[in-house]
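Reading the structure
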Amino acid sequence: MTPHIPDHPRTPDHPHHPLQAVLFDMDGTLVDTERLWWEAVEQVAGRPLTEADQPDVLGRPVEHTAAWLGALTGRPAPDLAARLHQEFAGRVRGGIVPRPGALELLDALAAAGVPTALVTASPRAVADVVLDALGAGRFAASVTADDTARTKPAPDPYLAACRALGVEPAACVAVEDTETGVASAEAAGCAVLAVPSLAPIATAPGRTVRDSLAGVTAQELSRMVAPELRVMSWNLWLGGSAVDDHRAKQLKAILESGADVVGLQETAGTAAQELAEALGWHHHRAGENLGVLSRFPITARFGDPEVGFYGAAGVRIAVAPGRQVDVWTAHLHYTPYGPYEAAFDGLSAADLIAHEEVRLAQLRDALERIDRASRDGVPVVLVGDFNCPSHLDRPDVAWPVTKAAEEAGLRDSYREAHPDPVAEPGHTWSPVHPVHEDGSGRPEPQDRIDYVLHRGLTVRAARTVVTGSPRPWPDVAGNDWPSDHAAVLTTFALPPA
């Protein structure tokens, strides 16, 4: 029982495209076979069907309908199944009519580089007839009633199609025409476009209902899946002034990262505005140190606009119609620095924790501001240079700053994506300080002190960002990377609308 995959399945050409695949039901959705199936069942039943018969006929595999007819008539279900196969296949071979807009939508998805799959409760023999008529090359995979242990309304067929394409169900749209098919797709975790053929289908969260496929576009389907949001935290190192041509290098790094939103620290006053103007993005400047860049419109600004060198500031951005996210950037005091006290001074865990009081107070102030600004249903992202390690990385010390963020419901996106701190340490301090700058030659403690935390989103990926191979301090003027911190970039999926 293996889904059919052509020798050269298509894959998306646009990795930033939130829509990874479109999964099509066959009968009544792509081709006008629902009527043919209805007629075949009427022929075998020996009577006209009524609305009361729809739940056991529409969207059901042959075996289900045969068993239902057998219970009503006393005839053997296997014999009825054979008759149903015969009657339906004959009608299908007699002429398949694509549903309005079906071929146009398939062509539009191919042009956009979005793969498609056929997912049907019909047997392989019938599906292959339809595939030949539509053009089997239009589909990267096909799943029939013969390919999974359970068929619709179970999620198995759609899950099998997603596995065959190597995509996530949440990033796919299933196109269906029956309640049974809709239940299958939604149970698998797909967004659904319902185009009812014979029986009505109600709207629901994560489900769009249209009268026809005519006029449906790849862009419309893309908006139905959870949009992605790429958020980066970046300390610019006093605006980047230690590196030649730093503004151009900052722009290049942001563009190459693919970030949609960048929370900045150490902006030297003008960096957020200048970068935003060069990018053609929106921005928020707070004080002389903090800023947010966004390719999406900023609809609200939070925090003290005259915040000092340390503190937090936030914005609300409109990612899509009805999809807003609050993004905050924070910078916490750098001294006393716990990794130095641990490595150089040998302080105990209790002393290290006690010395986090200033940063902890700054973070708690930020958390209070976030709570005052937050709105039900709006996810929150908090990025920043916290100047302290995480309790998730160094379990021998219950570092209180990151624990306080966790207790406030904020999750560490990098550790969600990379749970093992030994295998993926994610160090952000420091790509230009392999040894301590006091001239002693002591190795500089390498730590993860920059974070992208969140509440209400799904993490798809997270990584640190450094371009080139930065030369160590003080020979940094020619570096491609214009900072003494690595940046952190997280790709989020927004919740369904």
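Above this note sits the structure.
Described below are features of the structure shown in this document. (Residues numbered from 1 in each chain as written. Predicted model: local features only at pLDDT ≥ 70, side-chain atom pairs only at ≥ 80, totals over all residues. Heavy atoms only, no water.)

1. A word on the overall build of the protein chain
Helix and strand content of the protein chain: 15 helices and 18 strands. Here the C-alpha coordinates of the protein chain stretch approximately 90 × 45 × 40 Å along the principal axes. By the burial criterion, 54% of the 497 residues in the protein chain qualify as buried. Here the contacts in the protein chain between residues at least 6 apart in sequence split such that 67% fall between residues at least 24 apart. Within the structure as shown, the protein chain displays about 20200 Å² of accessible surface, and the carbon and sulfur contribution to it stands at 53%. Averaging the coordinates of the 41 positive side-chain charges in the protein chain and doing the same for the 66 negative ones gives two points 4 Å apart. (Helix = DSSP H or I, 4+ residues; strand = E, 2+ residues; numbered from the N terminus. Buried < 20%, exposed > 50% of the residue type's maximum accessible area, 1.4 Å probe, protein only. Contact = heavy atoms within 4.5 Å. Areas by Shrake-Rupley, 256 points an atom, 1.4 Å probe, with all protein chains shown as cover. Lys, Arg positive; Asp, Glu negative; His and termini not counted. Charge placed at Lys NZ, Arg CZ, Asp CG, Glu CD.)

2. Overview of helix H2 (residues 62-73)
Between the first and last C-alpha of H2 there are 16 Å, a value that for twelve residues agrees with the 16 Å anticipated at 1.5 Å per step. If you check which residues of H2 are buried, you get Val-62, Thr-65, Ala-66, Trp-68, Leu-69 and Gly-70. Residues of H2 that are buried make contact with helix H1 (34-45) and helix H3 (77-93). Looking one or two residues beyond H2, the residue adopting positive phi is Gly-74, at roughly 80 degrees. (Expected span 1.5 Å × (residues − 1).)

3. Some points on the nonpolar core
Ranked by size, the top nonpolar core spans 50 residues in total, and within it Phe-24, Leu-30, Leu-109, Val-173, Leu-193 and Leu-221 carry the most contacts. Not counting the four nearest positions on each side in its chain, Leu-221 is found in contact with Leu-19, Val-22, Leu-105, Leu-109, Val-173, Leu-193 and Val-216. Counting 22 residues, the second largest nonpolar core, distinct from the first, contains Ala-160, Cys-162, Ala-174 and Ala-188. (Core = buried A, V, L, I, M, F, W, Y, C linked by side-chain atoms within 4.5 Å.)

4. Examining the pattern of salt bridges
If you walk through the whole model with that rule in mind, you get 28 salt bridges. Two residues, Glu-176 and Lys-152, come together in a salt bridge whose shortest N-O distance is 2.7 Å. A residue pair is termed long-range when its members are at least 10 positions apart, and Glu-176 in strand S4 (residues 172-176) and Lys-152 in the loop between strand S3 (141-143) and helix H6 (156-165) qualify at 24 residues. Glu-176 sits in the buried class, given a relative accessible area of 0%. Assessed through its relative accessible area of 3%, Lys-152 is described here as buried. Taking the shortest distance from any N to any O, the salt bridge between Asp-393 and Arg-415 comes out at 2.7 Å. (Salt bridge = Lys/Arg side-chain N within 4 Å of Asp/Glu carboxyl O.)

5. Some thoughts on the environment of Ala-487
For Ala-487, the position within the fold is in strand S18 (residues 487-493). Taking the C-alpha atoms as reference, Ala-487 lies 9.8 Å from Ala-253; in sequence the two are 234 residues apart.

6. Let's talk about the pairing of strand S16 (residues 450-455)
With respect to burial, S16 is a largely interior element, five of its six residues being buried. As judged from the six bridges shared by strand S14 (residues 380-385) and S16, these two strands associate in the antiparallel manner. Across the sheet, the residue bridging to Val-380 is Arg-455, located in S16. Summarising the sheet, strand S15 (residues 411-412) and S16 pair through two bridges and their orientation is antiparallel. Bridging from a neighbouring strand, Asp-412 pairs with Leu-453 of S16. (Pairing = 2+ DSSP bridges.)

7. A closer look at the packing of aromatic side chains
To describe a pair of aromatic rings, you give the distance between the ring centres and the angle between the ring planes. Across all of its chains, the model carries eight aromatic pairs by this definition. With centroids separated by 5.1 Å and ring planes inclined at 40 degrees, the aromatic side chains of Phe-386 and Tyr-451 adopt a geometry described as tilted. One end of the pair, Phe-386, is in the loop between S14 and helix H14 (400-407); the other, Tyr-451, is in strand S16, with 65 residues separating them in the sequence. Considered together, Phe-386 and Tyr-451 belong to a single accessibility category, that of buried residues. Above the ring of Phe-344, the side-chain terminus of Arg-442 is found at 3.9 Å from the ring centroid. (Phe/Tyr/Trp six-rings, centres within 6.5 Å; stacked < 30°, edge-to-face > 60°. Lys NZ or Arg CZ within 6 Å of the ring centre and 35° of its normal.)

All we've got here are geometric facts, nothing functional implied.
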